[in-house]
Amino acid sequence: MEALTTRLDLWLVSEKPSDDQPSASELPDDVWEQFTRDTERDIRASAPKEPSARARMVTERLRRQEERGELPPGWRTGPDPLGTNRRAGRRRKLWAVLGVPVAAAVVLVALKPSLLPGDPFGPDGPGDTAASPLPAETAAPTAPPGGSTPRTPTLDEPFAGSPALRWADGAAGIVPPEAKAVGPVSKERVAQALELTKRLLVGANLDPRTVRGARPEAALAVLDPRQPKLLDDFDTALRSPSERNDPLTMFSRFDPDEIRPVGDVVKTRGRMTFEQGAGAGVVVHADYTFVYPVTRADGRPEVARTIVRRVIDVELPDPTRYRVTPGRLSVKKYDEEIGNSACDVHDGYLHPRFPSDDPGREPTGPAIDPYDRSRGIDDGGPCGTVTRT
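This one's a predicted model, so the numbers in the text were calculated from it and none came from an experiment.

Novice: Hey, could you run me through empty space enclosed by the protein in this one?
Specialist: Rolled over the atoms, a probe with the dimensions of a water molecule shows which regions are left empty. Applying the stated criterion to the full structure yields one cavity of 30 Å³ or more. Volume-wise, the largest cavity comes out at about 30 Å³. As for the largest cavity, its lining consists of Leu200, Leu201, Ala204, Asn205, Met250, Arg310 and Ile312. Put simply, the parts of the chain that give the lining of the largest cavity at least two residues each are helix H5 (187-205) and strand S5 (303-316).

Below you can see the structure in the form of structure tokens.
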């Protein structure tokens, strides 16, 4: 208050009234009091204030940011309307929530670009999807696999341009589900049934001796000899194949005098399920597709692919209730669909067509995608056309 009085006194001294201005002593008391109140208010408003500690800290931080060129855009502008601020706030929250997974995805794709769908870097670039195998199939697909970059298979890259490029190799693609007890069937017997089913599939479709045309002994050894009609039919088909007795209904075989596999890899994809069978047995349902890259036995380097899908139901019965061989499977049902093999040759071997082959009899059946595992097996209609191999 002392500073205020001093300033007021100085003002009164320095201000000399003109001839037409009244002096302070001539002013009415109420006017003088109003003048004093107004002057005191103005002096208080204009008096310098000591900034708080927080204000000094913020000012210093902004000064340093400005020196480093780090000030946020528009930091000096006035506030936006309330509605804009609310919308911006929601956007910031959204980006904050998504920012972590998006940043992680960017880093992951940078380290492994093959995770991107398609082939973003071209067929020979780092986007080769061979580096990102598909996870095991645990449920029926809802659509055929996506289109792949058209490429011609070669001896070095026999699966180039095929959806099977990302499938598992051979027996690694046959992944039984976790065994669990079903009804009176123990977990151990379920596990045994699943393992025997895998052995049957491997012996019938992946064993190199079977694929090269030999008798599929490993697969036959899994089947119950007390199911004689079935084994008799297979023996007849292997010994004297015909349209009626065709071993290809169960086994994948190429004529070694005509065809040679390319490399040691057959691509495999599918799944198994299981349920309680009759009595205390367990039934396993298997649905698998196998892709075979092959070339001619005469040494020409051209590569073709044959695609075989097999759907089979087998049962491991309870040997205490049925006259069966313990540890052997009984076949309940089996079916197959073969893509890129001659329809009118019944010698017990698969006969793929190569791009350079002369055109033969035109197929009359429907066009089928042999990689499409979302549909059921064809019902055995007329010879059709595969849309891709």
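Don't stop here, the text continues.
Novice: Got a minute to help me understand the state of the cysteines in this structure?
Specialist: By the definition in use, this model includes one disulfide. There is a disulfide in this structure between cysteine 343 and cysteine 383, and the S-S distance comes to 1.8 Å. Linking cysteine 343 and cysteine 383, the disulfide has an S-S dihedral of approximately 60° and is accordingly described as right-handed. One end of the pair, cysteine 343, is in the loop between strand S6 (330-339) and strand S7 (367-368); the other, cysteine 383, is in the loop between S7 and strand S8 (385-386), with 40 residues separating them in the sequence. For cysteine 343, a relative accessible area of 36% corresponds to the partly exposed category. What makes cysteine 383 partly exposed here is its relative accessible area of 23%.

Novice: Teacher, can you tell me more about the pairing of S5 here?
Specialist: In summary, the side chains of a regular strand alternate between the two faces of the sheet. The buried count for S5 comes to 14 of 14 residues, which makes it a mostly enclosed element. Residue alternation in S5 divides its side chains into two sets, Val303, Arg305, Ile307, Arg309, Val311, Asp313 and Glu315 and Ala304, Thr306, Val308, Arg310, Ile312, Val314 and Leu316, and both sets are buried. Of the strand pairs in this sheet, strand S4 (residues 282-296) and S5 are connected by 14 bridges, and their pairing is antiparallel. Bridge assignment links alanine 286 to a residue of S5, and that residue is isoleucine 312. Between the end of S4 and the start of S5, which pair antiparallel, lie six residues, with glycine 299 showing a positive phi angle near 95°. Bridge count for S5 against S6 is nine bridges, and the pairing is antiparallel. Within S6, the residue paired with isoleucine 307 across the bridge is glycine 339.

Novice: Explain the packing of aromatic side chains here, please?
Specialist: Centre distance and the angle of the planes are the two values used to describe a pair of aromatic rings. Applying the stated criterion to the full structure yields four aromatic pairs. Note on phenylalanine 234 and phenylalanine 251: the rings are 5.3 Å apart at their centroids and 65° apart in plane angle, and the pair reads as edge-to-face. Taken as a pair, phenylalanine 234 in helix H8 (residues 228-239) and phenylalanine 251 in the loop between H8 and strand S2 (259-261) lie far apart in primary sequence, 17 residues in all. Take phenylalanine 234 and phenylalanine 251: they sit in the same class, and that class is buried. Aromatic pair phenylalanine 254 and tyrosine 292: ring centres 5.7 Å apart, planes at 65°, arrangement edge-to-face. Here phenylalanine 254, found in the loop between H8 and S2, pairs with tyrosine 292, found in strand S4; they are 38 residues apart in sequence, far enough to count as distant. The same class applies to phenylalanine 254 as to tyrosine 292, namely buried.

Novice: Looking at this structure, how should I read unusual backbone geometry?
Specialist: Trans peptide bonds make up the majority, and among non-glycine residues the majority have a negative phi. Positive phi outside glycine occurs at asparagine 340, with the angle close to 70°. Here asparagine 340 shows up in the loop between S6 and S7. According to the relative accessible area criterion, asparagine 340 is buried, its value standing at 12%.

Novice: Just checking my understanding: could you explain the environment of aspartate 207 for this structure?
Specialist: Relative to the elements of secondary structure, aspartate 207 occurs in the loop between H5 and helix H6 (208-211). A residue is classified by how much of its surface remains accessible, and aspartate 207, at 10% relative accessible area, is buried. Measuring from C-alpha to C-alpha, the distance between aspartate 207 and glutamate 217 comes to 9.6 Å, with 10 residues separating the pair along the chain. Once residues lying within four places of it in the same chain are set aside, the contact partners of aspartate 207 are Val202 and Ala218. Here the side chain of aspartate 207 touches arginine 209 through a polar contact of 2.9 Å, landing on its backbone nitrogen.

Novice: Help me understand the nonpolar core, please; the structure alone is not making it clear to me.
Specialist: The tendency in soluble globular proteins is for nonpolar side chains to be buried side by side. Counting 44 residues, the largest nonpolar core has Leu223, Phe234, Phe251, Met272, Tyr292 and Ile312 as the members making the most contacts within it. Not counting residues within four places of it along the chain, the set of residues in contact with tyrosine 292 comprises Asn205, Val211, Ser252, Phe254, Val266, Ala304, Arg305, Thr306 and Val308. If you look at the next biggest cluster of nonpolar residues, it comprises seven residues, including Ala164, Leu165, Val291 and Tyr371.

Procedures and definitions
Residues numbered from 1 in each chain as written. Predicted model: local features only at pLDDT ≥ 70, side-chain atom pairs only at ≥ 80, totals over all residues. Heavy atoms only, no water. 1 Å grid on protein atoms, 1.4 Å probe; cavity = no way out; pocket = protein on both sides within 12 Å on 5 of 7 lines; lining within 4 Å. Points joined across faces, edges and corners; volume = space filled by probe spheres on them. Helix = DSSP H or I, 4+ residues; strand = E, 2+ residues; numbered from the N terminus. Disulfide = S-S within 2.5 Å. Buried < 20%, exposed > 50% of the residue type's maximum accessible area, 1.4 Å probe, protein only. Pairing = 2+ DSSP bridges. Phe/Tyr/Trp six-rings, centres within 6.5 Å; stacked < 30°, edge-to-face > 60°. Contact = heavy atoms within 4.5 Å. Polar contact = N/O pair within 3.5 Å; in protein donor to acceptor, adjacent residues only side chain to side chain. Core = buried A, V, L, I, M, F, W, Y, C linked by side-chain atoms within 4.5 Å.

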